[in-house]
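Here is how the chains run, residue by residue.
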Amino acid sequence: MPIGTFLGIAFDGLYFAALLFFASIGLTLVFGILNLLNMAHAAFYGFGAYLAVWTLNNIGDVTTSTVVLLAILVLAIPIVVFVLSAALDKSVFAPLYDIEPVYQLLATFGVILMLDDIIKFIWGASPISVDAATDPSRQLGSIELLGSSVSAYRSFVILIAVLCAVGLYLMFVKTKLGKISQAMSEDYEMVQMLGINVNRVRVLIFSISVALAALGGALFVPFAVAAPSVTLDYVLLSFAVIVIGGLGSLKGVVVAALLIGMVRSLGIAFFPAIELAIVFALMAVVIIFRPEGFFGHRGVVE
Amino acid sequence: MSTRFPTFQNVEIRESLLNWRLLAAVGLFVVLALYPAVTGNAYHTRLLAWMMCFAIAALGFNIVLGYTGLLSFGHAAFFGTGMYTVVIVMNATGITDLLVLVVLAMIAAGVVGAIIGALSVKTHEIYFALLTLALAQLLYVLAVRDVGGLTRGTDGIGVSRPDFFGVPVSELSATVYLVGFYYYVILTFLAATIVALWFVLRSPFGLTLKMIRENETRAEMTGVPVLRYRLYSMILSATVVGLGGALYAIVVGHITPEYLDWTMSGEIVFMALLGGIGTFLGPVIGAGGFILLQELALAYTEYWHFTMGLVLFVIVLTLREKGVWGGVKTLATRVADRRDDQ
């Protein structure tokens, strides 16, 4: 096989890993720090995707500048969703923190159903896609990398994912918010006892997590359509990622996203019929033989 | 498992045979049996048949959740296996007898239950939920991609009407077949399932399952082989759910992999929870309520997912394991107590 094809597969795997990272990082943080297993997390990935298509298609009359379009995807949409999810955390999700994980799973399944219809109510049931005029991936074209041509936009997505992973790591290690979060994952009540407003930290962590999922959804759409099935696919994929990586581990998400990204990319190239089956088989094998995943039962950044 | 469900009232079987509950149940079955004959409404009959198939499935599902205390998110695998077995066996071997097909479907679902159960009973709580989800989804993906050439992928397979003990009832028109014959088959199976499970779950076997749910360590200490009993519970549950699926396959007449998808598992969980997983008959009420709610919501709005999601959310936060049926029972007890006080 030519080396170019192999690099292409590896690059696709990296791009897919970046998207999986965005879809699952918040899920694992909310579980690890706040003890909430939020099945509806991926619905915000789907919501981000719809919001991005809608914004890009409406901004076309004002500007088609690539920088502005990328800023919308990377900054504007996550900020909007951040504010929105802070409100949701105070209302819909607030009563869920104190109930058993099994009931959290069931209640948030209800939230998925609701969000699903809210999306359909706003944007309709048929898939929508970004217009060619405001599609940043077309504007950026492709670049030469190690002798093969790759999409510049996909490289940009991978770069943003790396920056977010590093940023989160630094946040947990260097900042006060990060330290408090780590302490909360160890002993919630003790942190409260020390006079720290855990509710404020909770809202911040939840909103950051949800905003990252929306960012992933927004970055995803120039190469794909926004459809109701996006949410349902990513619910399962993001659960596969956090289970394989170990629930509550930042490092686990990075490693598992890379693993699944590569497995899917290789699967699509060599075994297209069972590419998704490999992902679920991998998830099952990890739970059976190593339920704590690669990096589970440790702190968020250990 | 730390998730606690309330203990079931341990009524003596003999006592409970002659109380109002039994009379009410028999009355309900008489009404259900007479309904199609009296009204002749094919749409309602179809809806009732649909509800009863899912009532069987939800009852079967609750053996694992309500009685053994394990949340499975993979029961679509058993429901779908039941459905696919009917049509695959019918097309491959030419067997057209309804009972043979149903029994084979139950066996097939039981085997899948044994495999998924054997792989997953060692895990706990959310890991059990996620593992059953992953294994069932594996089956779904294989069915969608038509690996093995059995399922014809997303196109699905049409189901023809089976015969009954050599009587060529399949020659009847679709409506007459359902209203005049098949409806009663489903009703009989539902009654049989309720009676059988009532006795099984009150037998030492059923009590052992509850013991495992309440306190796994204590069960282990008293010499109960916990893992083996969990596996039995999965196999029994899968077999009953497979029965529901097999019966439903003939009602819908067309099978697609959607019935193996995790959203289907979610619907079965939803039905059991709506009716009340801490009660014996709750899942039956839940299946009926779910389908009724869905039909009503669909009639007035196209956004029925929202309605259903809201109902699920509220049920989890308020009634929990009691569900609608448990809630009604609590209310009835409270009213009776107040009357006694006066």
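Just above, that's the structure.
Since this is a predicted model, take the numbers as computed values, not measurements.

Asks: Even after reading the chapter, I still don't get the interface of chain B and chain A, so can you show me in this structure?
Replies: Often the size quoted for an interface is simply the accessible area lost on bringing the parts together. Taken residue by residue, the interface counts 43 residues in chain B and 44 residues in chain A. In total, chain B and chain A occlude about 4,000 Å² of area from one another, counting both sides; carbon and sulfur atoms represent 82% of this. If you sort the residues of chain B by the area they bury against chain A, Tyr127(B), Trp262(B) and Phe313(B) come out on top, with a joint share of 17%. At the junction of chain B with chain A, the criterion picks out 1 salt bridge. Between Glu275(A) and Arg145(B) there is a salt bridge, and its shortest N-O distance comes to 3.5 Å. Summed over the shared surface of chain B and chain A, the result is 4 residue pairs in polar contact (both at pLDDT 80 or more). For the side of chain B that touches chain A, the secondary structure elements donating two or more residues are helix H6 (125-144), helix H11 (262-275) and helix H13 (304-318) of chain B.

Asks: Is there a simple way to explain the packing of helix H3 (residues 42-67) of chain B against helix H10 (residues 226-252) of chain B in this structure?
Replies: When two helices pack together, their arrangement is given by the angle between the helix axes and by the axis-to-axis distance. Residues and elements named next belong to chain B. Following both chains from N to C, one finds H3 and H10 inclined at 170°, their axes separated by 7 Å at the closest point. What the angle tells us is that H3 and H10 run roughly antiparallel. Taken as a pair, H3 and H10 cross one another with a handedness that is left-handed. Listed contacts from H10 to Arg46, Ala49, Trp50, Cys53, Phe54, Ile56, Ala57, Gly60, Phe61, Ile63 and Val64 of H3 are Ser233, Met234, Leu236, Ser237, Val240, Val241, Leu243, Gly244, Leu247, Tyr248, Val251 and Val252.

Asks: What am I meant to see in unusual backbone geometry here?
Replies: Negative phi is the rule for most residues except glycine; trans is the rule for most peptide bonds. Residues and elements named next belong to chain B. Phi at Arg152 is positive, roughly 55°, even though this residue is not glycine. Checked against the element boundaries, Arg152 lands in the loop between H6 and strand S1 (157-158). A relative accessible area of 49% means that Arg152 is categorised as partly exposed. A positive phi angle, close to 50°, is found at Arg320, a residue other than glycine. Relative to the helices and strands, Arg320 is located in the loop between H13 and helix H14 (323-341). The class of Arg320 is partly exposed, set by a relative accessible area of 23%.

Basis of the calculations
- Residues numbered from 1 in each chain as written.
- Chains lettered and ligands numbered in written order.
- Predicted model: local features only at pLDDT ≥ 70, side-chain atom pairs only at ≥ 80, totals over all residues.
- Heavy atoms only, no water.
- Contact = heavy atoms within 4.5 Å.
- Buried area = accessible area lost by both parts, 1.4 Å probe.
- Salt bridge = Lys/Arg side-chain N within 4 Å of Asp/Glu carboxyl O.
- Polar contact = N/O pair within 3.5 Å; in protein donor to acceptor, adjacent residues only side chain to side chain.
- Helix = DSSP H or I, 4+ residues; strand = E, 2+ residues; numbered from the N terminus.
- Axes fitted to C-alpha atoms, helices over the stretch in contact; angles between N-to-C directions.
- Parallel < 35°, antiparallel > 145°, perpendicular 65-115°, else oblique.
- Left-handed = near helix turned anticlockwise from the far one by under 90°.
- Buried < 20%, exposed > 50% of the residue type's maximum accessible area, 1.4 Å probe, protein only.

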